[in-house]
Every structure is written in C-alpha cells, then in structure tokens.
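# Summary of the model geometry
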Amino acid sequence: MRRTHTCGALRAEHDGLSVTLLGWVNRARDLGGLVFVDLRDRTGMIQVVMDAAADTIVGADALRSEWVVRIEGRVRLRPVEQRSARLATGDVEVEATVLTVLSEADTPPFPVDGSVDAADVNEELRLKHRYLDLRRPEAMAPLLLRHRVIKAIWEFLDREDFVQVETPLLTRSTPEGARDFLVPARARPGHVYALPQSPQLFKQMLMMAGVERYFQIARCFRDEDLRADRQPDFTQLDIEMSFVDQDDVLELNERLMHHVVRAATGTEISLPFARLPYRDAMDRYGSDKPDVRFGLELAVLDDVFAASAFNAFRAPLDAGGAVRGLVLRAPHAGAVSRKTIEELEAHAKQHGAKGLAWVRRAGDAFSGPISKFLGDGEMVALAALAPDEGDLILFVADRWSVACTALGAVRTHLRSLLDLPIAPGHAFLWVTDFPLLDRDEASGGWTYMHHPFTRPEDDDLPLLERDPGAVRAVAYDLVLNGHEIGGGSLRIHRLDVQRRMFAALGMDDAEARERFGFFLEALRFGAPPHGGIAWGLDRLVMLLAGARSLREVIAFPKNQRGVDPLTDAPASANRAQLDELGLTVRERVS
Ligand code: ASP
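So, a few notes on the structure that sits alongside this text.

Conventions used here
- Residues numbered from 1 in each chain as written.
- Predicted model: local features only at pLDDT ≥ 70, side-chain atom pairs only at ≥ 80, totals over all residues.
- Heavy atoms only, no water.
- Axes fitted to C-alpha atoms, helices over the stretch in contact; angles between N-to-C directions.
- Helix = DSSP H or I, 4+ residues; strand = E, 2+ residues; numbered from the N terminus.
- Parallel < 35°, antiparallel > 145°, perpendicular 65-115°, else oblique.
- Left-handed = near helix turned anticlockwise from the far one by under 90°.
- Contact = heavy atoms within 4.5 Å.
- Nonpolar A, V, L, I, M, F, W, Y, C, P; charged D, E, K, R; others polar.
- Near = heavy atom within 4 Å.
- Polar contact = N/O pair within 3.5 Å; in protein donor to acceptor, adjacent residues only side chain to side chain.
- Areas by Shrake-Rupley, 256 points an atom, 1.4 Å probe, with all protein chains shown as cover.
- Buried < 20%, exposed > 50% of the residue type's maximum accessible area, 1.4 Å probe, protein only.
- Pairing = 2+ DSSP bridges.
- Expected span 1.5 Å × (residues − 1).
- Core = buried A, V, L, I, M, F, W, Y, C linked by side-chain atoms within 4.5 Å.
- Salt bridge = Lys/Arg side-chain N within 4 Å of Asp/Glu carboxyl O.

## Observations regarding the packing of helix α3 (residues 137-159) against helix α16 (residues 537-545)
- At their nearest, the axes of α3 and α16 sit 10 Å apart, and the two run at 120° to each other. Judged on the interaxial angle alone, α16 and α3 are oblique. In this structure, α3 crosses over α16, and the sense of that crossing is right-handed. Facing α3, whose interface residues are Pro142, Leu145, Arg146, Val149, Ile150 and Ile153, α16 presents Leu537, Asp538, Val541, Leu544 and Ala545.
- Here the contact of α3 with α16 is composed, by residue class, of 9 nonpolar, no polar and 2 charged.

Given below as structure tokens:
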C-alpha cells in the first residue's frame, strides 16, 4: 500500500523517478484511450496519464470523481506548452504503469473538484456531508492552520514552564454568563452534571494545588441564544498563573501571540499591544471590542448640551447619561442620504437607542428635524465639528452605555456602507480597567461583568458594599480587528473578599455555600495570588485564516440553530434511556 510521495510533492527534479501514489480522483477525462486523472490528496494534486489499453491498467475508463486509487508510475516532464502554472506540480505528470482501485464512490451530492464555488452550494448540504466538503483544499486549510496554532501554543508554553492539565467535562456549573448544558446522572436520580462553561474554578484550584503555570486547550459549552458567530461547544486556550500581576499576564500573552502568529502564518506582529481603558474604548469607539483600523471616532458632546433647552438631549444628561455624536464630512457626508439615516437609525435602535437624531450643515446654520432646537452656543460648538456645507452629525442621547453602544453600532455599519479603508495587518489591542459589576436591568441588582471570581482593585475594596458600580476590576480583554478573542483577570484569592463578592451579587451565605461551598473551602488552605486568561481559539483561527464564520475552522460544526446536520444531533432519547435516567418528556418537538 505504501506511497513513495504525496500528490503535492512532485516537481521537475523528480523527472524519471518511479513513484507510488494514493489518493482521490479529482477528475478523470478519457481522451480516446488515454485517460487523464487529476489525483488529489491532502497535500495537493498531480496529473496522471494512463493508457487504458495496457494490461496492468484495469478499469481506467471506468474511473469517476472521488474514487480512491493507487497508482504506480513514472514521473516525466510535461511538454512545455502543456505545463500548468495553476498547480504546484504543474511542470510534471505521472505516466501510470499500474492502477488499483481501492474504493469506488457514488456521485457526490455537490462537486468537490473545484468546478463549483463552495459559496454557491447550500451550506447545510455541505455540513451534512462535511467529510466531502473537507476534501476541498480551501476547506481543509483552516484545519491545518488550526493544527499549527495549537502546536505553536504547546511549543511556547512548554518552553515557558507551563503544565498542560485536563479538567473534567462532567462537572458542576461554572458561571460565565450563559445557560448550562446539563447531563442527567443515572446513578443519582434527579441530579445532573453540568458541562463546563469554562475550566475557571478548576484552574484556580490547580493554582491552590501549586501547579503555578497551567494551560489547556479546553472544550467549553455554553447554551446561549445562538448568534451567527457562536457555537454551543467551542474551544478555549485556557491559561492560569500564580504570583503574577496584570502586566505579567499581558506580557506573556503578547509574546505567546507573537510566536503563534509567526509560526502559523509567517507574519510578524508588533509588540507591545496597545492598551485602551474600557471607558475610553466606549467613549471613542462605542464598543468594548473596538475595531481601531479605521477612524470615525465618536464625539463626546455632554458639555455642549449640559444646559440645553432641547429636552431630548438634556434630560438624559440630567439623569447621568450621555450625548454622543458621529461627525461625517466630505466625501462621506454626501453619501449618507435621508434613507441611509433611517437604515442607520434601525441599527441604533437594535442597540437600545430610542432614535438617531441628525443635523446637516447648511450655510451658516444646520438643517434637519432637530436643528430648530439648537441654541446659539450649541450651534457654534457643532459648527466647529462640521465646518463645511453638507457635513453631517448623528447623535444618540441616552444612558451612557446605550449612547455609546448604539452609536458604535452605527459607526461599524457606516464602515461597510461607505467602504472606508481599513489599515492593513492585525490590530491587537488590550481593553483594560473594566468595572467589576454591572447593573442587571431585569432584577435591578448587580451582576458580574467578567465572572464572580475576578479581583476588585485593592483600592476600591471599601466601595464593594457602599458603591458597587464604582468598583474597578483587574480584568482585561484581548481584541483583534474588532473581535474579542480573549479575556481574563486577576482572581480573588482571599476568602473574605470572595464572600463579599458573592454578597454584592445578591447571593446569601446559604446559596453561596450550596453552589460554591467546595471552592470557598479551597480558599481556606493557602491560595496564592493568581490570574489568567482564556483565548477563544476558534475565533482566533477564524481571523488568522481570513474565514468568514467559525464553522469554517471547526471540523464538524453545528449550524446556526445548534443542530449538527451531519449526525442530526440533538436527537430524541428512546424510552429505555429516559426510564433509566428517571426522566419523562412532557412535550416532544418533532
Ligand atoms: N474563564 C474566563 C472565560 O471563559 C476566562 C478567564 O477569566 O480566564 O471567559
């Protein structure tokens, strides 16, 4: 069976060599007794020529796409006029002496020979036959890149004295802000395991165990309302370190990323990464994961409208909110019509804004529905921002986070609408100085921004009970080209602080003990100061591969409804399984 070469390896220098190849028939053409086969394996493609009349070449005229064959033959140079620059092996071909058919194939439900663009094939159909889809070199490439990324991670972290440890998949809930996937336990009727949303508590307990430097390529599970860019099971690079401060974690991650990007793609990225405090990220870009590769920064207009007679702007300010603006000048202002503004307003509303106000510079004054409400001072301030005829200012006035986020969404949408040029390369960025807690709109209480184990800034500890919203966290996110690709924090390592944190989240002692008793106990026995991070590995690979969806970088992904079209999971459980688990199903969805 052994091959001497892979299909993609043959070059002019192999002229005259006897070879054995294995692979799939990409395409076969019978030109009157001479059969030309493009033979394909993971490494590439080579042209094979067979004389169908030869004794040792049985069945050449029957060959079809996707049959699996073994070829013995001799490499020869193609005549100059028949060389192909399209293939890396295009200078040579193999003249077959023996053909063995190893496996026949039905006609695939969609062509994988490159004759049809994958984008023109229904994605559901491709996922249903993902093993065929992956035969396309462009589909396989992200998996190979992913392999190189993980290999580079291992190399680097091993060299830096990190230890890889696996943590359980059948475990107890680890809150990361999503719903848990639950697995009923047969041996303990009425009880469930939760699949980990992350290895958070285990990696912290590994620090308490003295591992000091841990990593894991960890599978995580989050039952979230599926958005386009989410998978219910996904992969993190999970890292935790003892006796570190924030700079230690950030600096190690920068060097790791540098190594990974270089090893996996051959590109050099520049260090250190920029750092942007959360508050600035929101004020300037309207996002906690800003794409800083193009300008169009938001304008802070709180001072301009602080004493405005225009109630729609002043009232939010009186209530502690904000007014943010987005200034468009020539040539972009002219490209934004009233109809476009309506489209932008829809985006702003999706992000919680009540509307999108606007004014356009017209002569010495402004036109637009709200222009008549502008006072003289406001007019002067806005005129400085929009000095030329036709310049446009868009506004959102609301709670601070809504004003920023809504206008940030408008900013991102304008980028694609106006086709604004984007600075080339990878724009890595740390967002730092997150608040520890956020208002939970539904309950009116406080909820964690990151997770309940994140350390408050020491100086802010006294505020934890008095003014929870003002407490800063030692937490950081890693952003690449407008995507969050990682997040982490220093952790609480003192029992009293962890208890106060649970209390701030509205959890009484009994509940804290019920949910996290084992962890509170672990904190009693000498926990080192520690901190870490997790990278969203799928997303990072997606960005490095230039892929458009996470599904392209996952071998067997689920679709946007969380269904795996290949196996049709999730599937119904049969009666016997349910009985054994002590479960009854109230309503079955077909
Ligand atoms: N466990 C966190 C997460 O999954 C990451 C971390 O804090 O290290 O987002």
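## A short note on the site of the ligand
- Not every one of the 14 residues close to the ligand is listed here, only the nearest: Glu176, Gln200, Lys203, Arg222 and Arg491.
- A distance of 2.6 Å separates a nitrogen atom of the ligand from a polar atom in the side chain of Glu176.
- Between the ligand and Ser198, the relevant distance is 3.3 Å, taken from a nitrogen atom to a side-chain nitrogen or oxygen of the residue.
- When the free accessible area of the ligand is taken as 270 Å², the share hidden by the protein chains comes to 92%.
- Mapped by element, the contributors of at least two residues to the shell around the ligand are α4 (200-208), β21 (483-490) and β22 (530-536).
- Sorting elements by how many residues they give to the shell around the ligand places β22 first, with 3 residues.
- Among the residues making up the shell around the ligand, the classes are represented as 2 nonpolar, 8 polar and 4 charged.

## Notes on α4
- Most of α4 is tucked away, with 7 of its 9 residues classed as buried.
- Along α4, the residues that are buried comprise Gln200, Leu201, Lys203, Gln204, Leu206, Met207 and Met208.
- Of the surrounding secondary structure, the elements contacted by the buried residues of α4 are β9 (213-221), β10 (233-242), α15 (509-522) and β22.
- Just downstream of α4, Gly210 is the residue with a positive phi angle, here 95°.

## Comments concerning the pairing of strand β13 (residues 322-328)
- By the criterion of burial, β13 is predominantly enclosed, with 7 of the 7 residues buried.
- A two-sided burial pattern is seen for β13, the buried positions comprising Ala322, Arg324, Leu326 and Leu328 on one face and Val323, Gly325 and Val327 on the other.
- Direction of pairing for strand β12 (residues 299-300) relative to β13: antiparallel, over a ladder of 2 bridges. For Ala299, the partnering residue across the bridge sits in β13 and is Gly325.

## Let's talk about unusual backbone geometry
- Cis geometry marks the peptide bond from Leu271 to Pro272, where omega comes out at -10°.
- Between Ala330 and the following residue, Pro331, the backbone shows a cis peptide bond with an omega angle of -5°.
- Along the chain, Pro331 falls in the loop between β13 and α9 (332-335).
- Of note in the backbone geometry, Asp568 takes a positive phi value of approximately 60° without being a glycine.
- Within the element layout of this structure, Asp568 appears in the loop between α16 and α17 (575-581).

## Quick word on helix α5 (residues 246-265)
- If you check α5, its first and last C-alpha atoms are 28 Å apart, about what 20 residues at 1.5 Å a residue would give, namely 28 Å.
- Capping the start of α5 is the job of one residue whose side-chain oxygen sits 3.2 Å from the backbone nitrogen of Asp247: Asp245.
- Looking at the residues trailing α5, positive phi occurs at Gly266, about 75°.

## Things to note about the environment of Cys404
- Its location among the elements puts Cys404 in helix α12 (residues 400-417).
- Accessibility expressed as a relative area gives 0% for Cys404, which makes it buried.
- Separated by 121 residues in the primary sequence, Cys404 and Asp283 place their C-alpha atoms 6.1 Å from one another.
- Once residues lying within four places of it in the same chain are set aside, the contact partners of Cys404 are Met282, Asp283, Gly286, Leu298 and Arg324.

## Description of the sheet that holds strand β5 (residues 92-103)
- One closed barrel holds the 5 strands; their spatial order is β1-β2-β3-β5-β4, and the pairing between them is mixed. Strand-to-strand twist across the sheet, computed as the mean angle between neighbouring axes with direction ignored, equals 55°.
- For strand β1 (residues 18-31) and strand β4 (residues 68-77), the ladder comprises 7 bridges, and the chain directions are antiparallel. Looking at β4, one finds that Gly23 is bridged to Val69.

## Some thoughts on the nonpolar core
- Core analysis: the biggest nonpolar cluster contains 47 residues, and Leu328, Leu356, Leu394, Val410 and Leu414 have the highest contact counts within it.
- Within the residue set of this core, elements represented by two or more residues are α6 (278-285), β13, α10 (338-350), β16 (392-398), α12, β17 (428-432), β20 (475-480) and α14 (495-504).
- A per-element tally of this core places α12 first, with 7 residues.
- Among all residues touching Leu414, those that are not within four sequence positions of it are Leu296, Leu326, Leu328, Val336, Leu344, Leu394, Asp419 and Leu420.

## Focus: the pattern of salt bridges
- If you walk through the whole model with that rule in mind, you get 43 salt bridges.
- The salt bridge involving Arg135 is made with Glu66; its shortest N-O contact spans 2.8 Å. Taken together, the residues Arg135 in the loop between α2 (130-133) and α3 and Glu66 in the loop between β3 (44-51) and β4 connect sequence positions 69 residues apart.
- On the basis of relative accessibility, which here comes to 24%, the residue Arg135 falls in the partly exposed class.
- The network of salt bridges with common partners includes Arg126, Arg130, Asp133, Arg136 and Glu138.

## Notes on the packing of α14 against α15
- At a minimum axis distance of 11 Å, the contact between α14 and α15 shows a crossing angle of 140°. In terms of axis orientation, α14 runs oblique to α15. At the point where α14 passes α15, the crossing takes the right-handed sense. On α15, the residues touching Leu495, Gln498, Arg499 and Phe502 of α14 are Asp509, Ala512, Phe516, Phe519 and Leu520.
- Each residue belonging to the contact of α14 with α15 can be placed in one class, and the counts come to 6 nonpolar, 1 polar and 2 charged.

## Observations concerning the pairing of strand β14 (residues 357-362)
- Counting buried positions along β14 yields 5 of 6 residues, so the element is predominantly enclosed.
- Inspection of the sheet shows β14 paired to β16 by 4 bridges, in the antiparallel sense. Following the sheet pairing, Val359 is matched in β16 by Ile393.
- Bridge analysis of β14 against strand β15 (residues 365-367) gives 3 bridges, and the strand direction is antiparallel. Note on β15: the bridge partner recorded for Arg360 is Ser367.

## Focus on the environment of Pro424
- Note that Pro424 resides in the loop between α12 and β17.
- Sequence separation of Pro424 and Gly562 is 138 residues, and the distance between their C-alpha atoms is 34 Å.

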